[in-house]
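Next come the chains, spelled out residue by residue.
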Amino acid sequence: MKEEKIAYINPENMMTPRGFSQVVTVYGNHKTIYVGGQDAVDENGNTVGKGSLKLQTKQVLVNIEKALAAAGAGLENVIKWNVYLVQGQNPQEGFEVFREKWGSRQNPPTLTVLFVAGLANPEWLIEIDAIAVITE
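Computed from a predicted structure; not experimentally measured.

All chains considered together, the criterion is met by four salt bridges. One salt bridge in this structure joins Glu43 and Lys66, with 3.8 Å as the shortest N-O distance. Placement of the pair is Glu43 in the loop between strand 3 (30-38) and helix 1 (53-70) and Lys66 in helix 1, with a sequence separation of 23 residues. A salt bridge links Glu96 to Lys54; the shortest N-O distance between them is 2.9 Å. Within this pair, whereas Glu96 is found in helix 2 (residues 91-102), its partner Lys54 is found in helix 1, the two being separated by 42 residues in sequence.

Below, the structure is given as structure tokens:
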């Protein structure tokens, strides 16, 4: 039997986070999956939800789920999120969508949120990349 161990750590001497973990460690027999930055585009390359952070976040998460599934993983396997928001966007709109999608799962991944001047396409308001691990 192959073994994988993932530890979600929130040190007692640090702030207790809501919606993310401070540290995640992974060791043992596993496969690491790196999902490149996903944007609000459909399978034909068309921008979804122009002008709406909420709709764009939904599409980005759909794309991440598809990418993870192609590698044999799901959202529950994500240990790290990087979120890039165009300056001026209200992050609460995106977090609301994320909470709906994540649900009440235990052990949320680590999270970094950055405001940026712009993304590769001026219609895009958000980009998210992810790191996931699964047992080999």
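Following the structure, the description resumes.
This model, assessed by the stated rule, comprises two aromatic pairs. Taking 5.4 Å as the distance between ring centres and 90° as the angle between the ring planes, the aromatic pair formed by Trp81 and Phe98 counts as edge-to-face. Here Trp81, found in strand 4 (residues 78-86), pairs with Phe98, found in helix 2; they are 17 residues apart in sequence, far enough to count as distant. Given the relative accessible area of 3%, Trp81 is considered buried. Phe98 gets classed as buried once you look at its relative accessible area, which sits at 18%. Judged by centre distance (6.0 Å) and plane angle (10°), the rings of Phe98 and Trp102 are stacked. Pair noted here: Phe98 and Trp102 are both in helix 2, with a separation of four residues, about one helical turn. For Trp102, a relative accessible area of 8% corresponds to the buried category.

Calculation notes
Residues numbered from 1 in each chain as written. Predicted model: local features only at pLDDT ≥ 70, side-chain atom pairs only at ≥ 80, totals over all residues. Heavy atoms only, no water. Salt bridge = Lys/Arg side-chain N within 4 Å of Asp/Glu carboxyl O. Helix = DSSP H or I, 4+ residues; strand = E, 2+ residues; numbered from the N terminus. Phe/Tyr/Trp six-rings, centres within 6.5 Å; stacked < 30°, edge-to-face > 60°. Buried < 20%, exposed > 50% of the residue type's maximum accessible area, 1.4 Å probe, protein only.

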